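Breakdown of the fold
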Amino acid sequence: MREKIVAGNWKMNTTPAQGVELLKGVAAGMNEVCDCVTMVVAPPFTHLSMVAEAAKGTNIHVSAQNCAAEAKGAYTGEVSAHMIASLGVEYVILGHSERREYYGETSETLNKKMVQAYENNLIPIYCIGEKLEERKSGTHFDVVRQQVEEVVFNLSADQFAKLVIAYEPVWAIGTGKTATADQAQEIHAYIRGVLAEKFGEAANDIAILYGGSANPGNAAELFSKPDVDGGLIGDASLKPDDFIAVAQGFGKC
Ligand code: 13P
C-alpha cells in the first residue's frame, strides 16, 4: 500500500514561538487522525531546530522548505542539507513553484539539491505543476512531464523509492481555486504513468500529493481519488484544527 502523507508547508509564516505552539496544537489533535497518515510540518529555517525538538515523541515528522545546492562553504545565506539533517529533520521540499518563480530555481539547480538531499538521507518532496496559461493552452501534461524527466529521471532506483512528489498547479496555490478532484486524479495518474516509463512498477509505490488551496472542505474528495495520496498544504496548515481536519479527509481506517 502506498503511504498517505499530509504535509504542512508553513512558508514564510510564524515566529519561532508561534511555530512551536502550532506544532503543539497539531500534536494535540493527532489522536483524531488515522494512524495510516504520515503527518509532516515544514517550518522556516529559523525554527526548524525548535520545532524538530518539540516534535520528538509525537508522530509528527519535520521537513525543511529548501536546501542549498552545494555541500558547504562560501555560500552566504544558504543552509545545507547536512545542517538540516543534523537536526533530526527527515524531509526537504524541493522545487516549490514559489522558488522556481521568485528565486529562479531551474532543473539544473534542483538536480544538485536532490543530490544533497539524498547524500544526507533527507526525503525530497519534489514539487511540480503548471501555470494558469499552461493549463489554459492545454500544455500542462507536457510541463509536468518535463519537470519529472529533467530531475526525477536522473535518480537511481534506490533514490526513487524514497521520493515523494507534490503536484501543485500554480493557479491553485493561495488563490482559493482548487483543482477539482477529477482534474487532480487525471494529472496524478498521468504523472504516475510518466514515472513508470522510467521506473516501472516502482511508480505504483510513490506517494503523489496534491497541493493548491486544499482545505477541510475539499480534502476528503481529493483524497478519495486513487492516485491522490495526500496533500501539501499551505494556508490550511497554519491553524492546527484546519490541518488536522484536512488529514481527517482520509477518514478512519
Ligand atoms: P495553499 O494551500 O495556501 O494554496 O498552498 C499550497 C502550497 O503551495 C503548499 O506548498
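Now for a look at the structure at hand. Being a predicted model, the structure only gives us computed values, none of them experimental.

A word on the overall build of the chain
When its secondary structure is counted, the chain shows 11 helices and 8 strands. Rg of the C-alpha trace for the chain: 17 Å, near the compact-globule value of 18 Å for 253 residues, within the 12% margin. With the C-alpha coordinates aligned to their principal axes, the bounding extent of the chain is approximately 45 × 45 × 35 Å. Within the chain, the proportion of its 253 residues that are buried is 51%. For the chain, restricting intrachain contacts to residue pairs at least 6 apart in sequence, the fraction spanning at least 24 positions comes to 72%. Accessible area for the chain stands at about 11300 Å²; split by element, carbon and sulfur atoms hold 50% of it. On the chain, the mean spot of the 21 positive side-chain charges and the mean spot of the 32 negative ones are 2 Å from each other.

Digging into helix α7 (residues 140-151)
Along its 12 residues, α7 runs 17 Å from first to last C-alpha, staying within 8% of the 16 Å computed at 1.5 Å per residue. Inspection of α7 places H140, V143, V144, Q147, V148 and V151 among the buried residues, and these make up the whole buried set. Buried positions in α7, seen along its axis, are confined to an arc of 130° and lie on one side of it. At its buried positions, α7 is contacted by α4 (97-102), α5 (107-119), β5 (123-128), α6 (132-136), β6 (164-167) and α9 (181-199).

Looking at the site of the ligand
In the vicinity of the ligand, the contacting residues are N9, K11, H96, E168, A172, I173, G174, G212, S213, L232, G234 and D235. One nitrogen or oxygen atom from the side chain of H96 is found 2.8 Å from an oxygen atom belonging to the ligand. Between G234 and the ligand, the recorded distance is 2.9 Å, taken from a backbone N or O atom to an oxygen atom. Burial of the ligand by the protein chains amounts to 98% of its free accessible area of 310 Å².

A short note on the nonpolar core
One broad trend across soluble globular proteins is that nonpolar side chains are buried collectively. Counting 67 residues, the largest nonpolar core has V6, M39, V152, L163, I191, L195 and Y210 as the members making the most contacts within it. Tallying contributions element by element places α9 first for this core, with 7 residues. Non-local contacts of L163, meaning those with residues more than four positions away in its chain, are made with M114, Y118, P124, Y126, V152, L155 and I206. Counting 13 residues, the second largest nonpolar core, distinct from the first, contains A42, I93, A207 and L232.

Details of the pairing of strand β3 (residues 60-64)
Regular strands show a simple pattern: their side chains alternate between the two faces of the sheet. In terms of residue burial, β3 counts as a mostly covered element, since 4 of its 5 residues are buried. Where the polypeptide runs from strand β2 (residues 37-42) across helix α2 (residues 48-55) and back to β3, its parallel neighbour, the crossover connection is right-handed.

Some words on α5
In this model α5 runs 18 Å from its N-terminal to its C-terminal C-alpha over 13 residues, within 8% of the 18 Å that 1.5 Å per residue would give. Of all the positions in α5, only S107, L110, K113, M114, Q116, A117 and Y118 are classed as buried. Buried-residue contacts for α5 involve α3 (81-85), β4 (91-94), α4, β5, α7 and α8 (157-160). Two residues or fewer past α5, N121 is found with a positive phi of approximately 60°.

As for the pattern of salt bridges
Applying the stated criterion across every chain yields a total of 15 salt bridges. One continuous salt-bridge network, built from bridges that share partners, spans R2, R192, D227 and D229.

Calculation notes
- Residues numbered from 1 in each chain as written.
- Predicted model: local features only at pLDDT ≥ 70, side-chain atom pairs only at ≥ 80, totals over all residues.
- Heavy atoms only, no water.
- Helix = DSSP H or I, 4+ residues; strand = E, 2+ residues; numbered from the N terminus.
- Rg over C-alpha atoms; globule rule 2.2 N^0.38 Å.
- Buried < 20%, exposed > 50% of the residue type's maximum accessible area, 1.4 Å probe, protein only.
- Contact = heavy atoms within 4.5 Å.
- Areas by Shrake-Rupley, 256 points an atom, 1.4 Å probe, with all protein chains shown as cover.
- Lys, Arg positive; Asp, Glu negative; His and termini not counted.
- Charge placed at Lys NZ, Arg CZ, Asp CG, Glu CD.
- Expected span 1.5 Å × (residues − 1).
- Arc of directions from axis to C-beta.
- Near = heavy atom within 4 Å.
- Polar contact = N/O pair within 3.5 Å; in protein donor to acceptor, adjacent residues only side chain to side chain.
- Core = buried A, V, L, I, M, F, W, Y, C linked by side-chain atoms within 4.5 Å.
- Right-handed = clockwise from strand over helix to strand, strands pointing away.
- Salt bridge = Lys/Arg side-chain N within 4 Å of Asp/Glu carboxyl O.

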